[in-house]
Amino acid sequence: NCCMIRTGNRGRNGWFCCMRGTGPGKKSSAFSYKKFIDFALEEIKGHTSLVPSPLQEKFNSLKGNDGRSELEMLSFEAPKVRLLRCLSIEGDGMQVLDLAVFPRPEFDLPIFCANFFTAANTNIVVLDLNPLHCVITGNDYKEKYYRDLIPLGLKYAELLPWGGKLTSESLRFFSPIVIWTKFSPSQNKYSTLFAAFKDYYKAWLKLIDQAAEETDASQIVRNREAQHKYLMWRAEKDPGRQLLRKLVGEAFAEEIVRSFLFNGVHELGNKTFLDYYPEYKSEDGSINQKRSIIGKSFEDRPWDSEGNFLITVLGRE
Ligand code: BLA
């Protein structure tokens, strides 16, 4: 199985990847996220030069404990990109794509975030250019990055309708153009999702092309802390943790979450999760394990067609 001898293989992206999804004995699945990854790695080449991340050594490919699931991890850097990393899982009737791109702290660019979970009966999708700074109570950041993207968001808000109630705290990390949707498997929906992924990624690449490096030290500090705060949230409350633990065991799952998926939690700052999110402190001083303190809410899309947030209790700064 080529997936076991992957490190160092030069695949069709020219990096550490392999021939995907065609090996003998591989179950044919109706749908795969591999073409999303291929697109992302191909498309960015026209904009910047990617080099493999040192993380690639340790986080590459493995088989899950069930003997059937295949996990693939890829990671890169570029002049404006601290880390582009992607985890994909192909298992028994299950597919996962978690692809994120984290800019260097010299840039206040949004974080590209594609988070797709597909099981036999359902798809859970978050696709967004996650804002680095608050777009709920603050206007400047929203104007700077999202004003021109509102039509793109509106187009896909119609094609991929709001997925209903979710962890309320997550909304702080979403932009006015977030795609949060759920759907049952359908070829038509997958095609729409792929189109949305390509459009959002291209929009993000445009932002990165235009971005000028920040030279004001205090702004760089502010960007770094905002990214650290974001990473601390995701590393602590990632909904994929349970599944990862099942597939690779608790210890390696924790390493994947803290050192690969949300790399930077140790490097970008010293504050703790509870420094940022004191509302999660339980009586004994530990972190409340619940994902949400407020509870689930936002039955409907909480932005109007101009990108104004309709409820103002969730400010971030
Ligand atoms: C579910 N994933 C979800 C949900 C959201 C996200 C909003 C719905 C449940 C909820 O309301 O919390 C995604 N949440 C996000 C993202 C941010 C956020 C992207 O706050 C960013 C700020 N998901 C993964 C990986 C796996 C995975 C790697 O990223 C599996 C290995 C699985 N996500 C997964 C599963 C569910 C889910 C199984 C449904 C189960 C559940 O709701 O707990």
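So, a few notes on the structure that sits alongside this text. All values reported here derive from a predicted model rather than from experimental measurement.

Considerations on the environment of Lys 189
Take Lys 189: it is sitting in helix H4 (residues 187-210). The exposure class assigned to Lys 189 is partly exposed, which follows from its relative accessible area of 24%.

Some words on the packing of helix H1 (residues 34-44) against H4
Taken N-terminus to C-terminus, the directions of H1 and H4 make an angle of 25°; their axes are 11 Å apart at the nearest point. Between H1 and H4, the angle falls in the class roughly parallel. Here H1 runs over H4; the crossing is right-handed. In this structure, H1 uses Lys 35, Phe 36, Phe 39, Ala 40, Glu 43 and Ile 44 to contact H4, whose residues at the interface are Leu 193, Phe 194, Phe 197, Lys 198, Tyr 201, Lys 202 and Leu 205. Classifying every residue of the contact of H1 with H4 by side-chain character gives nine nonpolar, no polar and four charged.

Some details on empty space enclosed by the protein
Tallied over the entire structure, the rule returns one cavity of 30 Å³ or more. Estimated volume of the largest cavity: approximately 30 Å³. Ile 37, Ala 40, Leu 41, Leu 74, Phe 76, Leu 84, Cys 86 and Leu 99 are the residues that line the largest cavity. At the level of secondary structure, the elements contributing two or more residues to the lining of the largest cavity comprise H1, strand E3 (70-78) and strand E4 (81-91).

Details of the site of the ligand
Taken together, 22 residues sit near the ligand, with Asn 115, Thr 167, Ser 170, Trp 233 and Arg 291 positioned nearest. For the ligand, an oxygen atom lies 2.7 Å from a polar atom in the side chain of Ser 170. Between the ligand and Trp 233, the relevant distance is 3.1 Å, taken from an oxygen atom to a side-chain nitrogen or oxygen of the residue. When the ligand sits alone it has 860 Å² of accessible area, and the protein chains cover 87% of it. In a pocket analysis with a 2 Å cut-off to the grid points, the ligand is assigned to the largest pocket. Looking at the shell around the ligand, the elements with two or more residues in it are strand E5 (94-103), strand E6 (111-118), strand E7 (123-130), strand E8 (166-167) and helix H5 (217-237). In terms of residue count, the dominant contributor to the shell around the ligand is E6 (three residues).

Procedures and definitions
Residues numbered from 1 in each chain as written. Predicted model: local features only at pLDDT ≥ 70, side-chain atom pairs only at ≥ 80, totals over all residues. Heavy atoms only, no water. Helix = DSSP H or I, 4+ residues; strand = E, 2+ residues; numbered from the N terminus. Buried < 20%, exposed > 50% of the residue type's maximum accessible area, 1.4 Å probe, protein only. Axes fitted to C-alpha atoms, helices over the stretch in contact; angles between N-to-C directions. Parallel < 35°, antiparallel > 145°, perpendicular 65-115°, else oblique. Left-handed = near helix turned anticlockwise from the far one by under 90°. Contact = heavy atoms within 4.5 Å. Nonpolar A, V, L, I, M, F, W, Y, C, P; charged D, E, K, R; others polar. 1 Å grid on protein atoms, 1.4 Å probe; cavity = no way out; pocket = protein on both sides within 12 Å on 5 of 7 lines; lining within 4 Å. Points joined across faces, edges and corners; volume = space filled by probe spheres on them. Near = heavy atom within 4 Å. Polar contact = N/O pair within 3.5 Å; in protein donor to acceptor, adjacent residues only side chain to side chain. Areas by Shrake-Rupley, 256 points an atom, 1.4 Å probe, with all protein chains shown as cover. Sits in = over half its atoms within 2 Å of the grid points.

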